[in-house]
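Descriptive analysis of the structure
Read off the chains here:
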Amino acid sequence: IISNACSSGANAIGHAFRLVQRGHARRALAGGYDALCEMVFAGFDSLNALSTTSPRPFAVDRDGLALGEGASLLCIERLDDAIARGATIYSEIAGYGATTDLHHLTQPHPNGDAALASMKRACNGARVNPEQVGYINSHGTGTPLNDSAEAKAISRWAGSSADKLAVSSTKGGIGHLLGGAGAVEAAVCLMAMEGGWIPPGVRVEIVDPACHFDLVQYPRDMPELSVTLTNSFGFGGANASLVLNS
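Residues numbered from 1 in each chain as written. Predicted model: local features only at pLDDT ≥ 70, side-chain atom pairs only at ≥ 80, totals over all residues. Heavy atoms only, no water.

**Thoughts on the packing of aromatic side chains**
- Under the criterion given, the structure shown has two aromatic pairs.
- Each ring, one from Phe 44 and one from Phe 235, has its centre 5.8 Å from the other, and the planes form 25°; the classification is stacked. In this pair, Phe 44 sits in helix 2 (residues 38-46) while Phe 235 sits in the loop between strand 9 (227-234) and strand 10 (238-245), placing the two residues 191 residues apart along the sequence.
- Geometrically, the ring pair formed by Phe 58 and Phe 213 is edge-to-face, given 5.7 Å between the ring centres and 80° between the ring planes. Of this pair, Phe 58 sits in the loop between helix 2 and strand 2 (71-77) while Phe 213 is found in the loop between strand 6 (197-198) and strand 7 (214-215), placing the two residues 155 residues apart along the sequence. When sorted by exposure, Phe 58 lands in the same class as Phe 213, which is buried. (Phe/Tyr/Trp six-rings, centres within 6.5 Å; stacked < 30°, edge-to-face > 60°. Helix = DSSP H or I, 4+ residues; strand = E, 2+ residues; numbered from the N terminus. Buried < 20%, exposed > 50% of the residue type's maximum accessible area, 1.4 Å probe, protein only.)

Take a look at the structure:
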């Protein structure tokens, strides 16, 4: 059991990946789920983090997040074991990065330093560069501080290729699933690669100028999608990124 705020699901998958990769386990079930309750709602309300309209990740006029419920569970195992039992193989977990942001109890570093480090670690482990990543499922909560910090981190990481990088946040449509978010968003990446499409975020009128990347707001076919990255950044400074290869 990993309880690491909003990065819990991604951390659980990353931890399972390390166990299998290092030979400590041959197979693991990993994922995330978080139940809504009055205390959780009151906590986010006291932080003024809840949208009073509708969540609009990466919009200039974004005003907060919406809470949701969901769950995802992945079976992670060695390739030879999966082949031997005739399993359907959806993806390879190629890289995992985790960092801690020491900037503030709940606020990310304004330039997204820890988020950037998390993405770099995951991609270094996977031996991929920004030009090879076809899609990022961002943390993208719709809160003023998170989105600007993540946008800067993604833009810094992608560098000159940022304008060709497709990015969206599915939280605008399904809500923030808290401890389940990272696992569900990893599953979204698996479905996107299998189906050859990119999930759009909600439509926004004016995109935050910190977004130098291609913010996907409409459904888009991408049959060649083979490498995805998903980010999960939690209150308290816990950051996790996963790289998935089809």
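**Quick notes on the environment of Val 128**
- Summarising the element assignment, Val 128 is placed in the loop between helix 4 (113-126) and strand 4 (135-137).
- Sequence separation between Val 128 and Gly 95 is 33 residues, and the spatial gap between their C-alpha atoms is 9.0 Å.

**So, the sheet that holds strand 10**
- One open sheet accounts for six strands, arranged 3-10-9-4-5-7; its pairing is mixed. The sheet is open, and its two edges are formed by strand 3 (92-100) and strand 7, each paired on a single side.
- Bridge count for strand 3 against strand 10 is eight bridges, and the pairing is antiparallel. Each bridged residue has a counterpart across the sheet, and for Thr 99 the counterpart in strand 10 is Asn 239.
- Taken strand by strand, helix 5 (residues 144-158) contacts strand 4, strand 5 (166-168) and strand 9, and its axis lies near 145° from that of strand 9.
- Sheet strands touched by helix 7 (residues 181-195): strand 4, strand 9 and strand 10. Its angle to strand 9, the strand with the most contacts, is close to 165°. (Pairing = 2+ DSSP bridges. Contact = heavy atoms within 4.5 Å. Axes fitted to C-alpha atoms, helices over the stretch in contact; angles between N-to-C directions.)

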